[in-house]
Amino acid sequence: MNILRNSLAVVAASALLGLTAACSGGQTAVCEEATKAFTDYSSKAAAAAGDIKGINTATGDLAAQLKDLSGKADGDLQVTLAGMADSWGSLTIDLSDPAAATKLAESGQKVIQATQQLASACS
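Residues numbered from 1 in each chain as written. Predicted model: local features only at pLDDT ≥ 70, side-chain atom pairs only at ≥ 80, totals over all residues. Heavy atoms only, no water.

## Examining the pattern of salt bridges
- Throughout the structure, instances matching the rule amount to two salt bridges.
- Close ionic contact of K72 with E33 constitutes a salt bridge, the shortest N to O distance being 3.0 Å. Remark: E33 occurs in helix 2 (residues 28–47) and K72 occurs in the loop between helix 3 (52–70) and helix 4 (75–89); sequence separation between them is 39 residues.
- Residues K36 and D40 are paired through a salt bridge, measuring 2.7 Å at the closest nitrogen-oxygen approach. In this pair, K36 and D40 are both assigned in helix 2, four residues apart and thus about one turn of the helix distant. (Salt bridge = Lys/Arg side-chain N within 4 Å of Asp/Glu carboxyl O. Helix = DSSP H or I, 4+ residues; strand = E, 2+ residues; numbered from the N terminus.)

## Here's the deal with the packing of helix 3 against helix 4
- At a closest axis distance of 8 Å, the pairing of helix 3 and helix 4 adopts a crossing angle of 165 degrees. When the interaxial angle is binned, helix 3 and helix 4 end up roughly antiparallel. At the point where helix 3 passes helix 4, the crossing takes the left-handed sense. Touching T59, L62, A63, L66, K67, L69 and S70 of helix 3 are Q78, L81, A82, M84, A85, W88 and G89, all from helix 4.
- Its residues placed into classes, the contact of helix 3 with helix 4 shows nine nonpolar, four polar and one charged. (Axes fitted to C-alpha atoms, helices over the stretch in contact; angles between N-to-C directions. Parallel < 35°, antiparallel > 145°, perpendicular 65-115°, else oblique. Left-handed = near helix turned anticlockwise from the far one by under 90°. Contact = heavy atoms within 4.5 Å. Nonpolar A, V, L, I, M, F, W, Y, C, P; charged D, E, K, R; others polar.)

## So, the confidence of the model for the protein
- For the protein, mean pLDDT is 77; residues scoring 70 or higher make up 79% of the total.
- No element of the protein has a lower mean pLDDT than helix 1 (residues 2–20), at 54, and none a higher one than helix 3, at 92. (pLDDT = per-residue confidence, 0-100.)

This is the structure we're talking about:
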């Protein structure tokens, strides 16, 4: 469980770092809201340490926030936020699944790629 939780924390931290370095341009407010969503997620996930249901709920909430933000954005930023919402929405920790760590790692890679696209769209 620690590996899964730590992997999710690393993915969130990577996303947050990418965003804080990239928020500029014409859609700064949306980028700032996305940064806040990741900051809030990090806090919620940390508070839910050891509570898989709490972590999954926080992850689902982040996906919903990113989807809402995509509706406020235009162009590449809109597409990127929608993709991130899908990626985060697919991140679910299921300890009964023997392939959970592998699935989380694969989803984490998709999230990191989407974060890089978001950083580019926000710059």
